[in-house]
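For reference, the chains in residue letters:
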Amino acid sequence: MDSAIATIIPLFRASDQLFHRALDGIKREDLLRRPHDGSNPLIWVAGHAMTSRGSLTKIAGESVENKWSDIFARGSTVNENVSYPEVSEIISLWDNITVKLMPRLEVLGDEELAKPTPFPVPTGDKTKRGAIVFLNYHETYHIGQMAYLRKWLGYSQLVG
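Residues numbered from 1 in each chain as written. Predicted model: local features only at pLDDT ≥ 70, side-chain atom pairs only at ≥ 80, totals over all residues. Heavy atoms only, no water.

Undergrad: Break down the pattern of salt bridges for me, with residues and values.
TA: Across all of its chains, the model carries eight salt bridges by this definition. Its salt-bridge partner being E112, residue K128 comes within 2.4 Å of it at the nearest N-O pair. Placement of the pair is K128 in helix α6 (residues 128-152) and E112 in helix α5 (residues 110-113), with a sequence separation of 16 residues. Assessed through its relative accessible area of 23%, E112 is described here as partly exposed. (Salt bridge = Lys/Arg side-chain N within 4 Å of Asp/Glu carboxyl O. Helix = DSSP H or I, 4+ residues; strand = E, 2+ residues; numbered from the N terminus. Buried < 20%, exposed > 50% of the residue type's maximum accessible area, 1.4 Å probe, protein only.)

This is the structure:
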């Protein structure tokens, strides 16, 4: 297994656990609250993380249908007129994506990982390997946002 990928597989597993914990027991009305008009609600951050993990799955050679990719895309508009899915649907799709992603990461070879990434990434490594490493960082960033929002909403802390 590629050493860079071997290093981040446990991090993807940890993110999976934290994603579930961050959403556990949150009321629907709280999922839609935002600290500020210019910030994102927890449901959007969770949906965006799920959509991002779906993109990662495509890089790894699998695909998962995500009918909400537009509402959770980078730069999408967050407002009261958006009809967000139930959090259980986001979690279910996250789980479906994860089931497909993790086995693929374990078998990706150097030849596949050295291919150019199908979309731009803001790092020096423009290969699929670089995109996978970047998306792990990106996912972790959003898990941190979810932890903050959970605590801001008055729920228990995510870890510790």
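That covers the picture; the talk isn't over yet.
Undergrad: Help me get a handle on the nonpolar core, residues and values and all.
TA: Ranked by internal contacts, the top residues of the largest apolar core, which has 29 residues, are F19, L23, L42, M50 and M146. Looking at this core, the elements that each hand over two or more residues are α1 (3-23), α3 (42-59), α4 (87-107) and α6. The leading source of residues in this core is α3, at seven residues. Counting residues in each nonpolar core, the second largest holds 17 residues, with I5, F12, L56 and L113 among its members. (Core = buried A, V, L, I, M, F, W, Y, C linked by side-chain atoms within 4.5 Å.)

Undergrad: Give a description of the packing of α3 against α4 that names residues and reports values.
TA: Orientation of α3 relative to α4, taken along the N-to-C sense of each, is 20°, at an axis distance of 9 Å. With respect to α4, the axis of α3 lies roughly parallel. Between α3 and α4 lies a crossing of left-handed hand. Packed against α3, whose contacting residues are I43, A46, G47, A49, M50, R53, G54, L56 and T57, the element α4 presents V87, I90, L93, W94, I97, T98, K100 and L101 at the interface. Residues that form the contact of α3 with α4 fall into these classes: 11 nonpolar, four polar and two charged. (Axes fitted to C-alpha atoms, helices over the stretch in contact; angles between N-to-C directions. Parallel < 35°, antiparallel > 145°, perpendicular 65-115°, else oblique. Left-handed = near helix turned anticlockwise from the far one by under 90°. Contact = heavy atoms within 4.5 Å. Nonpolar A, V, L, I, M, F, W, Y, C, P; charged D, E, K, R; others polar.)

Undergrad: Tell me about α3, and please be specific about residues and values.
TA: Between the first and last C-alpha of α3 there are 26 Å, a value that for 18 residues agrees with the 26 Å anticipated at 1.5 Å per step. Counting buried positions along α3 yields 16 of 18 residues, so the element is predominantly enclosed. Among the residues trailing α3, G61 stands out with phi positive, at a value near 100°. (Expected span 1.5 Å × (residues − 1).)

Undergrad: Report on α6, specifying residues and quantitative values.
TA: Along its 25 residues, α6 runs 36 Å from first to last C-alpha, staying within 8% of the 36 Å computed at 1.5 Å per residue. Positive phi appears at G154, one or two residues downstream of α6, with a value of about 95°.

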